[in-house]
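Coordinates in review
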Amino acid sequence: MFDYLIVGAGFAGSVLAERLAQGSKKKVLLCDKRSHIGGNAYDHYDENGILVHKYGPHIFHTNSPEVFEYLSRFTAWRPYEHRVRASVDGQILPIPINLDTINALYGLRLTTFQVEEFFKSLAEPRETIRTSEDVVVSKVGRELYEKFFRNYTRKQWGIDPSELDAAVTARVPTRTNRDDRYFTDTYQAMPVHGYTKMFENMLDHPNIKVLLNCDYREIKHDIPYREMIYTGPVDSYFDYCFGKLPYRSLEFKHETHHVPVFQQAPVVNYPNEHPYTRVTEFKYLTGQEHPKTSIVYEFPKAEGDAYYPVPRKENSDLYAKYKSLADSIPGVHFVGRLATYKYYNMDQIVAQALTVYAKMIRTKRVEATVLGTQTGNGNGHHKIAEGVIRKELTLTQ
Ligand SMILES: Cc1cc2nc3c(=O)[nH]c(=O)nc-3n(C[C@H](O)[C@H](O)[C@H](O)COP(=O)(O)OP(=O)(O)OC[C@H]3O[C@@H](n4cnc5c(N)ncnc54)[C@H](O)[C@@H]3O)c2cc1C
């Protein structure tokens, strides 16, 4: 008898498998319908021996010391600060927009102070910020919105930014200095041997059995378990009884080129030309040295694997219905980005999983006290998870 059947071997499922096995001595069966562990963060060596991310570039960044410390048990890190460029008006320019972007785009030599004034002169103040268009136009005006954001967002979401929630671009910063880092988090690093190796280390425990190429529906009636942790799509769990939750999908086109370097930045965005949104060159991310280089193009599309929940009011209303159903089912815990229908970064999912684990231990302790029995824990991990609960609200994307 397994204590837990965990559905999905991504960050949510793997962190919980590790915590329950290592932290609480539980017996866990972790299954995934894919042929590999790691979920969307899975990486592997392609046929040329170059480490690539199968499901698009995954850059690790967090402000949470708890999350960083927790993952550091399973990997060493390579310091890495991500940088992105955008192809606009025939130039390859820093994005987020900064002082250098503006000076290069308009052939100016503005200072930080002057560019602040420049942004102010372009901004079109809005009384209420309702849509993604409002967010950007009210900050940097219509021209920069058209050049950098509008078409990218249309490609990415298949909807005009004027119809998308403000939340989608709410975090796009503009800078008046020359800082061209994509993220400003305290911890920015990549696992030295890749994500999959980190997952392997996490799951390397005698109490964890991993079953791949296996949809949980194939085994749920045959394999005995006490509770389930479900990290797949919540609407699928309930057989789409209220209808399908809309997602945006992506097609990845991987290529290898017989040159050591393909492009001048780790990621180049193409807001206006081409059907793809961006091109990533993996060697920048991984630090691998190799005479060839592998890249990936991302083509957004409506159908296919569920990647990005579409952030619109009607969709969160629909999710709320599934959530109340999920909350009413005893013995099944819904965790992760698909089960909670929200775009989360990897660190946020780790934090969410650690928080769920902490709550589960607390509940079991109360049950044990009530029943006058004992449960095992006591190796200090509870403390970390408690810290994460406190930090969870401060995590940034
Ligand atoms: C293109 C892209 C780029 C991203 N880049 C970044 C980034 O740079 N930095 C960052 O922090 N985050 C990034 N993310 C987000 C990151 O991928 C997620 O935060 C993370 O993968 C979520 O982990 P998870 O375990 O919740 O979900 P997943 O990784 O999706 O894992 C869920 C697993 O459940 C399995 N499953 C589903 N249904 C079933 C079933 N019926 N039976 C068995 N198994 C099932 C799936 O096969 C999957 O492996 C990116 C996401 C995308 C789509």
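Attention here is on the structure that accompanies the text. The residue count restarts for each chain, going from 1 along the sequence in the order it is written. Owing to the predicted nature of the model, reporting of local features is limited to residues with pLDDT of at least 70; listing and counting of side-chain atom pairs is limited to 80 or more, with chain, interface and lining totals taken over all residues. For the side-chain quantities, the full set of heavy atoms in the structure was used; hydrogens and water were omitted.

Re the nonpolar core
In this text, buried Ala, Val, Leu, Ile, Met, Phe, Trp, Tyr and Cys residues form a nonpolar core when linked through side-chain atoms within 4.5 Å. Partly exposed residues are those whose accessible area sits between 20% and 50% of the maximum for their type, while under 20% is buried and over 50% is exposed, using a 1.4 Å probe and protein chains only. Membership of the largest hydrophobic core comes to 83 residues, with the highest contact counts inside it found for Ile6, Phe11, Leu16, Leu71, Tyr195, Tyr230 and Phe334. It is helix H10 (residues 346-371) that provides the largest number of residues to this core, a total of 10 residues. Those residues in contact with Leu16, other than ones at most four positions away along the chain, are Ile6, Ile229, Val335, Ala353, Val356, Tyr357 and Met360. Counting residues in each nonpolar core, the second largest holds 21 residues, with Leu93, Ile95, Ile97 and Val137 among its members. A helix here means a DSSP run of H or I that spans at least four residues, while a strand means a run of E at least two residues long, and both kinds are numbered starting from the N terminus. Contact definition: two residues touch when any of their heavy atoms are within 4.5 Å.

Looking at the sheet that holds strand E17 (residues 332-334)
With parallel pairing, the five strands of this open sheet are ordered in space as E10-E2-E1-E11-E17. Unpaired on one side and paired on the other, strand E10 (208-211) and E17 mark the two borders of the sheet. For this sheet, the mean inter-axis angle between neighbouring strands, taken without regard to orientation, is 20°. Any two strands with at least two DSSP bridges between them are considered paired. Between N-to-C directions, angles cover 0 to 180 degrees, with each direction set by a line fitted to C-alpha atoms, over the stretch in contact for helices.

Considerations on the pattern of salt bridges
By definition here, a salt bridge exists when the distance from a side-chain nitrogen of Lys or Arg to a carboxyl oxygen of Asp or Glu is within 4 Å. Scanning all chains against the criterion turns up 28 salt bridges. Residue Arg178 is joined to Asp100 by a salt bridge in which the shortest nitrogen-to-oxygen separation is 3.0 Å. Taken together, the residues Arg178 in the loop between helix H5 (132-157) and strand E9 (187-191) and Asp100 in helix H3 (residues 99-106) connect sequence positions 78 residues apart. Notably, a salt bridge pairs Asp134 with Arg126, separated by 2.8 Å at the nearest N-O pair. The exposure class of Arg126 is partly exposed, given its relative accessible area of 28%.

Comments concerning the layout of surface pockets
The pocket and cavity definitions rest on a 1 Å grid over protein atoms only: a 1.4 Å probe that fits but cannot leave marks a cavity, an open set with protein on both sides within 12 Å along at least five of seven lines marks a pocket, and residues lining either have an atom within 4 Å of a point. Grid points are joined across faces, edges and corners, and a volume is the space filled by probe spheres set on the points. Its boundaries defined by the atoms lining it, the second largest pocket holds a volume of some 570 Å³. Going through the elements one at a time, helix H9 (313-327), E17 and H10 are the ones with two or more residues in the lining of the second largest pocket. Looking at which element gives the most residues to the lining of the second largest pocket, the answer is H10, with eight residues. The residue classification treats Ala, Val, Leu, Ile, Met, Phe, Trp, Tyr, Cys and Pro as nonpolar and Asp, Glu, Lys and Arg as charged. All others, Gly included, are polar. Considered class by class, the residues forming the lining of the second largest pocket number 11 nonpolar, six polar and eight charged.

Some details on the site of the ligand
Whether a residue is near a molecule or strand is decided by its heavy atoms; if any one of them lies within 4 Å of it, the residue is near. Taken together, 32 residues lie near the ligand, and Asp32, His58, Ile59, Tyr344 and Met346 sit nearest. Ala12 is positioned with one of its backbone polar atoms (N or O) 2.9 Å from an oxygen atom of the ligand. About the coverage of the ligand: the protein hides 97% of its 1000 Å² of free accessible area. Residue assignment for the shell around the ligand shows that the elements contributing at least two residues are helix H1 (11-24) and H10. The residue makeup of the shell around the ligand, split by class, is 17 nonpolar, nine polar and six charged. Polar contact is defined as a pair of N or O atoms within 3.5 Å, subject to the rule that within protein one atom must be able to donate a hydrogen and the other to accept it, and that residues adjacent in sequence are counted only when both atoms are side-chain atoms. A 1.4 Å probe and the Shrake-Rupley method give the accessible areas. Residues count as covered only by the protein chains that appear here.

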